[in-house]
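So the chains spell out like this:
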Amino acid sequence: MTLNIPFDNSYAALPAGFYSRLDPTAVAAPDLISFNRDLAALMLITETSDAELTMLFSGNAVPEGAAPLAQLYAGHQFGQFNPQLGDGRAILLGETVGRDGVRRDIQLKGSGPTPYSRNGDGRAWLGPVLREYVVSEAMHALGVPTTRALAAVRTGEMIQREAMRPGAVLTRVASSHIRVGTFQIFAARRDVIALRQLFDYTVARHYPDCTTPDALLQAVIDRQAALVAQWMSLGFIHGVMNTDNCTLSGETIDYGPCAFLDFYDPETVFSSIDRHGRYGYASQADIIVWNMAQLATALLPLMPDADAAVAQFTDQVHAMPELIRQEWLARFAAKIGIGTPKPEDAALIGDLLTRMHGNQADFTNTFRALSDGTARDQFTDPTAFDSWAEGWQARIASDPDAIQRIRQTNPAFIPRNHRIEQMIAAAVAGDDAPFHRLNAVLSRPFDDQPDAEDLRRPPAPSEVVAATFCGT
Ligand code: AMP
Ligand code: MG
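Residues numbered from 1 in each chain as written. Chains lettered and ligands numbered in written order. Predicted model: local features only at pLDDT ≥ 70, side-chain atom pairs only at ≥ 80, totals over all residues. Heavy atoms only, no water.

**Remarks on the coordination of the magnesium ion (ligand 2)**
This is how the line gets drawn: Because no water is among the atoms considered, metal sites can look incomplete, with donors defined as N, O and S atoms within 2.8 Å of the metal, or 3.2 Å for Na, K and Ca. Only protein chains enter the area calculation, which uses a 1.4 Å probe; residues under 20% of their type maximum are buried, those over 50% are exposed, and those in between are partly exposed.
Those protein atoms acting as donors to the magnesium ion (ligand 2) are Asn 245 (OD1) and Asp 254 (OD), and they sit at 1.8 to 2.2 Å. For the pair Asn 245 and Asp 254, one class covers both residues: buried.

Listed below in C-alpha cells is the structure:
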C-alpha cells in the first residue's frame, strides 16, 4: 500500500470498555464513486491510485496505522432512552491531525456488522450514502459546523431494505464522534470512573479551557445554540435529533432523513419515521434544549454536591432558549441586511416569515432575492411583500453594506430534496453525473451560477418529496 494516512489515534488509547476493536467486513465488488481530494489534502492524506482508494474506503483493506473500532454509546431515540446503542454499522479507523492542526476521526459507515448491530445488517444503501455526502459537504460550504465526507464506494452487493438496494460505504470525517449518548451510557451504568475519563478526553480534545463539568456543559450549550439557530437560518431540518445524534463538538452529525425547506412552513416535518413531528423545523429550538438537559443529567455524577449541581445545571439549561433567540436574531437580521440587530427587529423578521408562510414563498429564494429587488415575485400576492418592504427599507436605508450582507448570508444554492432524490435515482441506474454536478455547484453556494439555474428552482408539483426515509 502506498497511501499514507498519518494516523495518530487517541480514542483507541481509552479503556477497552469504550469500544470494541474489529475490522470492517470486506465487500464483493467495490467501486469508487468519489474521493474528496481537498479534504484529504487538509488531513495530510497523500494521493494514491483509485484502485487503492477503492480497497481502503470500502473496508476491503485496513490502512497501515489504523486501529479499527466500533464506539459504544447510548441515547434517547424519539424521547425513549435506549441504554445501549453504539456503532452498529460504522467503524472508526482512527484519527489524523491535519495541516490546520485539527484532529479528525476517519470513520467508515456501512462497513459491516459490529457487536452493536442489534438486528441490523451493518450496511448502508447507496441513497443515504450519497445524500449524506452531498448534504454534509454542502453544509460545510454554507459555513455550518458539520461532519464531512471523504469518500463513497459502491459495494457491489445488494441489501434488503423496503426493496433490494445497492449497498455503499461512506467515509465520514468528524472532529470527533463523541455524542451526548456517549456520556449517557456511562452515567446510566453509574460508571463514574469511565465518565470522568470521557470528560477528561472530551475537554482535552475540544474544550481545553473547561476544567469543570459545568464549564463543559456551558460550552456545549453555546455551540449547540449557535448551531441550531444557523440550521434554522438556512431552512435546514435535521430530522432525527436523538441524543446519540447530538455531538459534544457542536458539529451537525447523521444526515438521515434531513431536508431543506422549499416554501416556508414552520411546521414542516420530512422524516417518515417522525410520526409526531418531534423533529420538525421549528421544534428544533426546543428539542436541542431537551438534549442539553440530558447531557446535564449525564454530567451530574461528576459534580461534588448533587443538590447544588442540579440547581446550577437547571439554570444553565433554562437560559438556553434565550441564547437561541439571540443567535436566531443575529442570523435572521443578517439575512435581511441588518448588521447590528435591535430587539424590535425580531418583529420585523417574524412579520416577513408570516407573510412568506401565507404566500407559499420559497424560503431560500425569497431571502436571496432581497438583494436584487425581485423578492415580491416569490409571493402569491406580491403586495403582501410590498407592505412589509416599506418598513424594511427604512430600517436598512442608511447601511451601505446591507445588500452585500444579504448576498453573503443567503445562499443561491441549497441541496433541494427533489434534486437529491433525482440524483439518487440516477446513481442507482448507474449515472453518477448528477451527484458530481450537485457537489460542484453546492461547493460555491453563495455564487451566482447561471448554468445551474435549474438547481435553484423549487420542485414542480410532480417533483415534491413528501417524506424522507431514515438513512438506514
Ligand atoms: P441512526 O438513526 O442512523 O443514528 O442509528 C441509530 C442506531 O442504529 C445506531 O446505533 C446505528 O449504528 C444503528 N443502525 C442503524 N442502521 C443500522 C444497520 N443497518 N445495521 C446495524 N445497525 C444500524
Ligand atoms: Mg446516529
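**A word on the nonpolar core**
Which entries qualify depends on this criterion: By nonpolar core is meant a set of buried Ala, Val, Leu, Ile, Met, Phe, Trp, Tyr and Cys residues that side-chain atoms within 4.5 Å join together. The secondary structure listing takes helices from DSSP runs of H or I that are at least 4 residues long and strands from runs of E that are at least 2 residues long, numbered from the N terminus. All the domain ranges listed were derived from an automatic or database domain assignment. In this analysis, two residues are considered to be in contact whenever any of their non-hydrogen atoms come within 4.5 Å of each other.
Judged by nonpolar contacts, the single largest core of 125 residues is most densely connected at Tyr 11, Phe 183 and Ile 336. Per-element tally for this core: the top contributor is helix H6 (residues 213-233), with 11 residues. Lining this core are residues from two domains, each supplying at least three of them: domain 1 (11-174) and domain 2 (329-409). For Ile 336, the residues in contact, after removing those within four places along its chain, are Leu 348, Ile 349, Leu 352, Phe 367, Leu 370, Trp 388, Trp 392, Ile 396 and Ile 406. Formed by 23 residues, the second largest nonpolar core is a distinct cluster that contains Phe 35, Leu 42, Ile 45 and Val 153.

**Things to note about the site of ligand 1**
Using the following cut-off: Residues are labelled near a given molecule or strand when at least one of their non-hydrogen atoms is within 4 Å of it. For the purposes of these results, a polar contact is taken to be a pair of N or O atoms within 3.5 Å, where, inside protein, one atom must be able to donate a hydrogen and its partner to accept one; residues adjacent in sequence count only when each atom of the pair is a side-chain atom. Shrake-Rupley sampling with a 1.4 Å probe provides the accessible areas, and residues are treated as covered by the protein chains on show and by no other component.
In the vicinity of ligand 1 there are 18 residues, among which Gly 86, Gly 88, Arg 118, Gly 122 and Asp 254 approach most closely. Interatomic distance of 3.2 Å between a backbone N/O atom of Arg 123 and a nitrogen atom of ligand 1. Here ligand 1, which alone exposes 480 Å², has 86% of that area covered by the protein.

**Re the domain arrangement of the chain**
Partitioning the chain into domains gives domain 1 (11-174) and domain 2 (329-409). Each of domain 1 and domain 2 has a C-alpha centre, and the two are 40 Å apart.

**Notes on unusual backbone geometry**
A positive phi angle, close to 50°, is found at Phe 78, a residue other than glycine. In this fold, Phe 78 is placed in the loop between strand E4 (75-77) and strand E5 (80-82). In the Ramachandran plot, Arg 118 falls in the positive-phi region, its phi being about 50° despite a non-glycine side chain. Residue placement: Arg 118 occurs in the loop between strand E7 (103-109) and strand E8 (124-125). The class for Arg 118 is exposed, based on a relative accessible area of 57%.

**Notes on the environment of Leu 130**
Note on placement: Leu 130 falls in helix H3 (residues 126-141). The exposure class of Leu 130 is buried, given its relative accessible area of 0%. Along the chain, Leu 130 and Asp 432 lie 302 residues apart, while their C-alpha atoms are 9.9 Å from each other. Setting aside residues no more than four positions away along its own chain, Leu 130 makes contact with Ile 33, Ala 152, Met 423, Ala 427 and Phe 435.

**Concerning the side chain of Thr 171**
Structurally, Thr 171 can be placed in strand E10 (residues 164-174). Ignoring sequence-local partners within four residues, the contact set of Thr 171 consists of Phe 57, Ile 106, Gln 107, Leu 108, Arg 148, Ala 149, Leu 150 and Ala 151.

**Quick look at the pattern of salt bridges**
Oppositely charged side chains can pair when the atoms bearing their charge come close. Short version of the rule: Any carboxyl oxygen of Asp or Glu within 4 Å of a side-chain nitrogen of Lys or Arg constitutes a salt bridge here.
This structure, assessed with the given rule, holds 28 salt bridges. A salt bridge links Arg 205 to Asp 105; its shortest N-O distance comes to 2.7 Å. One end of the pair, Arg 205, is in helix H5 (residues 192-206); the other, Asp 105, is in strand E7, and 100 residues separate them in sequence. A relative accessible area of 17% means that Arg 205 is categorised as buried. Look at Asp 105 and you get buried, because its relative accessible area is 1%. The residue Glu 162 makes a salt bridge to Arg 165 at a minimum N-O spacing of 2.9 Å. Bridged by salt links that share partners, the residues Lys 109, Glu 132, Arg 172 and Asp 254 form one connected network.

**Describing the pairing of strand E9 (residues 148-160)**
Here is the rule we go by: When DSSP finds two or more bridges between a pair of strands, those strands are recorded as paired.
Pairing geometry for strand E2 (residues 31-35) and E9, over 4 bridges, is antiparallel. Residue pairing for E9: Phe 35 is matched across the bridge by Ala 151. With 9 bridges joining them, E9 and E10 adopt antiparallel strand pairing. From the neighbouring strand, Ala 149 faces E10, where its bridge partner is Arg 172. Linking E9 back to E10 in an antiparallel pair, the connection comprises 3 residues.

**Looking at the packing of aromatic side chains**
Cut-off, in case you're wondering: Side-chain rings of Phe, Tyr and Trp (the six-membered ring for Trp) are treated as a pair once their centres are within 6.5 Å; stacked means planes under 30 degrees apart, edge-to-face means over 60, and tilted covers the remaining angles.
Using the criterion set out here, one finds 20 aromatic pairs in the structure. With a centroid separation of 5.2 Å and 75° between ring planes, the pair formed by Tyr 133 and Phe 435 is classed as edge-to-face. Pair noted here: Tyr 133 is in helix H3 and Phe 435 is in helix H15 (residues 433-442), with a separation of 302 residues, a long-range link. For the pair shown, Tyr 133 and Phe 435 are each scored as buried.

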